[in-house]
Amino acid sequence: MRLLTLLLTMTAGQVLWAATDSNVQPDPARFRNEIKAFEQWDSKNSFPADAVLFVGSSSIRMWQTCKSFPGLAVINRGFGGSHISDVIFYFDRVVLPYKPQLIVFYAGDNDIASDISPQQVLEDFKKFTALVKDKLPQTKIIVISIKPSESRWSFWPATQQANGAIRQFCENGNKLSFIDLGSILLNEQGKPDNSLYLGDKLHLNEKGYQKWTQALRPVIEREFTRKGD
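Residues numbered from 1 in each chain as written. Predicted model: local features only at pLDDT ≥ 70, side-chain atom pairs only at ≥ 80, totals over all residues. Heavy atoms only, no water.

Q: Quick one: what's the story with helix H9 (residues 156–171), residue by residue and with numbers?
A: Given a rise of 1.5 Å per residue, 16 residues ought to cover 22 Å, and the 22 Å separating the end C-alpha atoms of H9 matches this to within 8%. Elements in contact with the buried residues of H9: helix H7 (109–113), helix H8 (118–135), strand E4 (140–144) and strand E5 (176–179). (Helix = DSSP H or I, 4+ residues; strand = E, 2+ residues; numbered from the N terminus. Expected span 1.5 Å × (residues − 1). Contact = heavy atoms within 4.5 Å.)

Q: Provide a residue-level description of the pattern of salt bridges, including the pertinent values.
A: The final tally for this structure, using the stated rule, is twelve salt bridges. For the salt bridge of arginine 93 with glutamate 39, the shortest nitrogen-to-oxygen distance reads 2.7 Å. Here the residue arginine 93 occupies a position in helix H6 (residues 91–94), and glutamate 39 occupies one in helix H2 (residues 32–44), the gap between them amounting to 54 residues. Assessed through its relative accessible area of 32%, arginine 93 is described here as partly exposed. Overall, the relative accessible area of 32% leaves glutamate 39 in the partly exposed class. Lysine 201 is paired through a salt bridge with glutamate 150; the nearest N and O atoms lie 3.3 Å apart. With lysine 201 in the loop between E5 and helix H10 (206–224) and glutamate 150 in the loop between E4 and H9, this residue pair connects regions lying 51 residues apart in the sequence. We classify lysine 201 as partly exposed; its relative accessible area is 35%. Given the relative accessible area of 36%, glutamate 150 is considered partly exposed. Connected through salt bridges with shared partners, the residues Asp109, Lys147 and Arg152 form a single ionic network. (Salt bridge = Lys/Arg side-chain N within 4 Å of Asp/Glu carboxyl O. Buried < 20%, exposed > 50% of the residue type's maximum accessible area, 1.4 Å probe, protein only.)

Spelled out as structure tokens, the structure:
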């Protein structure tokens, strides 16, 4: 009986460990309504060919990309709270239909805040780029570094690890560019400059997005002029 009790206890502990594994991803079905809304919009409207597709989490969703990048064919498919795994899950519905010439990708912020390890963030990013390479072989990717924020400052060391790993992967890859848009959000003390954030001290305000746009636009324009690479 004591042996049976011990075995049951061990089994319960193993199940608990599996359920709380830091690399377990959330259910992508929580975004079913957001994805359907994109598809409903597309069914009633046309979208530009060979566009710049912005995709990822709320930092993309809240960015007024069409207004910020006049003269560029821009599509925004950000859905707030998403992980990289969610973008992968919905790839055929939020990326593939547009056949973009260039993808601007921002995700990983929510992953790190959910205790997804930096290594898993890198692995998930690799999966995303593999999908692009397989299904959209001519499409380039610009990945934006995961940003710092006061509300998630305790995660900054892990965020830096993930950024460093993704940067290195991009440097060794093809049609991949990494842009650091995090350091421009820090003040002289190396902490997030809250004048660039909303009151939640997590999401950027208009001033913060202006800094991002100013830094990103020349990178986008450079990649557009290198279509044959």
